[in-house]
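Next come the chains, spelled out residue by residue.
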Amino acid sequence: MSEQTKFVEIRHAQKSFGSLEVLKDISLNVERGQIVGIIGSSGSGKSTLLRAINDLSPLTGGEIWLEGVQVNKTLPHRQYETHINAMRQQVGMVFQHFNLFPHMTARENVTMAPKLLKGLSQADADKLAEEQLDKVGMLERIDYYPSQLSGGQKQRVAIARALAMKPKLMLFDEATSALDPELVEEVNLVMKKLAEEHMTMIIVTHEMDFAASVCDRVLFMDQGVVVEEGPPEVLFKNPTQTRTREFLRKHLEGAN
Amino acid sequence: MGLDFSIIPKYMDIILLGVAWTIGITVSAALLSFIGGIIFAVIALYAHWIIRQPFRLIEWVFMGTPLLLQLFLIYFGLVQIGIDLPAFIAGIIGLGLHFAVYNSELIQTAILAVDKGQMEAARTLGLSRGQALRKVVIPQAVRDVIPPIGNNMIALLKDSALVSVIGVSELTLSAQRVIGKTYRPFEFYILAAGFYYVINLCMEWVQHKIERRISISR
Ligand SMILES: Nc1ncnc2c1ncn2[C@@H]1O[C@H](COP(=O)(O)OP(=O)(O)O)[C@@H](O)[C@H]1O
Ligand SMILES: [Mg+2]
């Protein structure tokens, strides 16, 4: 390949639900180790864009590339399933509502996929669970069920579950939006720790302060397009677009 | 002639053998109806429509006709096409499939009720749809329907008496045989009823234990 392979590359992403066009020709690159924040009002297409990256919400147009491999390439059904399952193992995702498996302990939540997909032995899986849960500060609750954990603790276990697959890229879709305010910080701290370890992350968030403190770049989305993007200190302090200024102003008012 | 319960011990061995058969058939048929119910549910929800058709026929037969007829069909009917099953096996299959169809209805509803985020989280980790169903969705669906499935299993216990018509010496038939010798229907039917009640209690106790164990993991 003549040009340097991009880490994550989104080319002309387009997505429609019936006649509703939710993503309109979005192109975006993310470099290895970069942390990209996505902000925007509800319904602007942030989740749809994030979910297109691991094909949870398949695009109706455009391409997603991860390290020189096209994620949403055209293949016969069977082959596509094999391909997409392999791709998804490399991309961790954290959801607003955690989506922990309620019938499994924290340990089992973390080890289920590595055991099933990578054939880890129970001993190796236990070591992995201890390692990952320790990283998110949940080692003491390793044998607790999700119903016995607070929201913040659940989300930390969900992050450990995603990390246990050793992903190259982590996607966060409003990871702290469903949490009581006093529980937000513990999850943010885990994400900051990942940032320090140079994990590549794409973070959809409503928390401007958090985005400003961890992101290398922030995108503002509105009605299916990226209106403006830039380093947080520029985007938040000196936005060039009217829509961005409107959004930030409203958001500040809402926060007060 | 008055009641005389002192005659019971003499025939207790026959009755107890009947109890053993009833328990054996009920437990085997219950397991079959449970596993069959999961398989039928998955087929009904996810299989290609060509595969679904024969199962819809099975479902129709087992829901729309009397269990008695189903037992006759399996025991006497299948012989004609060269499948000669021992009576107790025919009884287990008949009862098992009959209740599998009812369990399948419950499990289908429960599978559809599992939060969509569960499947998404599993797929995000790289699991195939089949793996996600097996590891994540179905275990949760089954947990949700333990109480109604438990009710079906109590019904199964009661309907297990029907296998007496194909000659399996379970509890009801054993009681009948003893009555044939002693002409003491009241004493032995009451005794049989008592045993059904005890088995019933044991099944409820097991169900209760299972429910308690899983209550934390919801
Ligand atoms: N599965 C779906 N079917 C139809 N419309 C959808 C679906 N998912 C999202 N949408 C619509 O797409 C738009 C963008 O949604 P979303 O990406 O969730 O926005 P955001 O995450 O920015 O709030 C919204 O108008 C939403 O109603
Ligand atoms: Mg969203």
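Residues numbered from 1 in each chain as written. Chains lettered and ligands numbered in written order. Predicted model: local features only at pLDDT ≥ 70, side-chain atom pairs only at ≥ 80, totals over all residues. Heavy atoms only, no water.

**Student:** Sorry if this is basic, but what is going on with the packing of helix α3 (residues 106-118) of chain A against helix α6 (residues 129-144) of chain B here?
**Tutor:** Geometrically, a packed helix pair is captured by the angle between its two axes and the distance between the axes. It is at 12 Å that the axes of α3(A) and α6(B) come closest, and there the two elements cross at 140 degrees. On the basis of the axis angle, α3(A) is oblique to α6(B). The two elements α3(A) and α6(B) meet at a crossing, and its hand is right-handed. Each of A:M112, A:L116 and A:L117 in α3(A) lies in contact with α6(B), whose residues at this interface are B:Q131, B:R134, B:K135 and B:V136. (Axes fitted to C-alpha atoms, helices over the stretch in contact; angles between N-to-C directions. Helix = DSSP H or I, 4+ residues; strand = E, 2+ residues; numbered from the N terminus. Parallel < 35°, antiparallel > 145°, perpendicular 65-115°, else oblique. Left-handed = near helix turned anticlockwise from the far one by under 90°. Contact = heavy atoms within 4.5 Å.)

**Student:** Teacher, can you tell me more about the nonpolar core here?
**Tutor:** One broad rule of soluble globular proteins: the nonpolar side chains tend to lie buried together. Core analysis: the biggest nonpolar cluster contains 54 residues, and B:I15, B:L95 and B:F188 have the highest contact counts within it. Listed by contribution, the elements that provide at least two residues to this core are α1 (8-46), α3 (67-77), α4 (87-113), α6, α7 (146-159), α8 (171-182) and α9 (185-215) of chain B. With near-sequence residues (within four places) excluded, B:L95 lies in contact with B:I25, B:A29, B:L67, B:L71, B:L156, B:D159, B:S160 and B:V163. Counting 47 residues, the second-largest nonpolar core is a separate cluster that includes A:A106, A:V110, A:A160 and A:V227. (Core = buried A, V, L, I, M, F, W, Y, C linked by side-chain atoms within 4.5 Å. Buried < 20%, exposed > 50% of the residue type's maximum accessible area, 1.4 Å probe, protein only.)

**Student:** Looking at this model, I keep getting lost on the pattern of salt bridges. Mind explaining?
**Tutor:** Any two side chains of opposite charge can pair, so long as their charged atoms come close to each other. Residues and elements named next belong to chain A. As enumerated under the stated definition, the model contains 16 salt bridges over all chains in all. Notably, a salt bridge pairs R11 with E9, separated by 3.2 Å at the nearest N-O pair. When its relative accessible area of 28% is taken as the criterion, R11 is described as partly exposed. Residue E9 is classed as buried on the basis of its relative accessible area of 14%. By sharing partners, the salt bridges in this structure join E9, R11 and E63 into a single network. (Salt bridge = Lys/Arg side-chain N within 4 Å of Asp/Glu carboxyl O.)

**Student:** Before we go on, may I ask you to explain the side chain of B:S104 in this structure?
**Tutor:** All names here are of chain B. Considering the arrangement of structural elements, one finds S104 in helix α4. For S104, a relative accessible area of 0% corresponds to the buried category. Non-local contacts of S104, meaning those with residues more than four positions away in its chain, are made with G37, F40, A41 and E59.

**Student:** I'm lost on the packing of aromatic side chains in this one. Help?
**Tutor:** Each aromatic ring pair is specified by the distance between its two centres and by the angle formed by the two planes. All told, the structure shown has 7 aromatic pairs over all chains when counted by the stated rule. Where A:F220 meets A:F247, the ring centres are 5.0 Å apart and the plane angle is 35 degrees; that geometry is what we call tilted. Here A:F220, found in strand β9 (residues 217-222), pairs with A:F247, found in helix α9 (residues 242-255); they are 27 residues apart in sequence, far enough to count as distant. Per residue, the accessibility class of A:F220 equals that of A:F247, and both read buried. Taken together, a centroid distance of 5.6 Å and an interplanar angle of 65 degrees make the contact between B:F40 and B:F55 edge-to-face. Linking B:F40 in helix α1 with B:F55 in helix α2 (residues 49-64), this pair joins segments that are 15 residues apart in sequence. An aromatic cluster of three or more residues is present, and its members are B:F72, B:Y75 and B:F76. Taking NZ or CZ as reference, A:R161 lies 4.4 Å from the ring centre of A:F101, over its face. (Phe/Tyr/Trp six-rings, centres within 6.5 Å; stacked < 30°, edge-to-face > 60°. Lys NZ or Arg CZ within 6 Å of the ring centre and 35° of its normal.)

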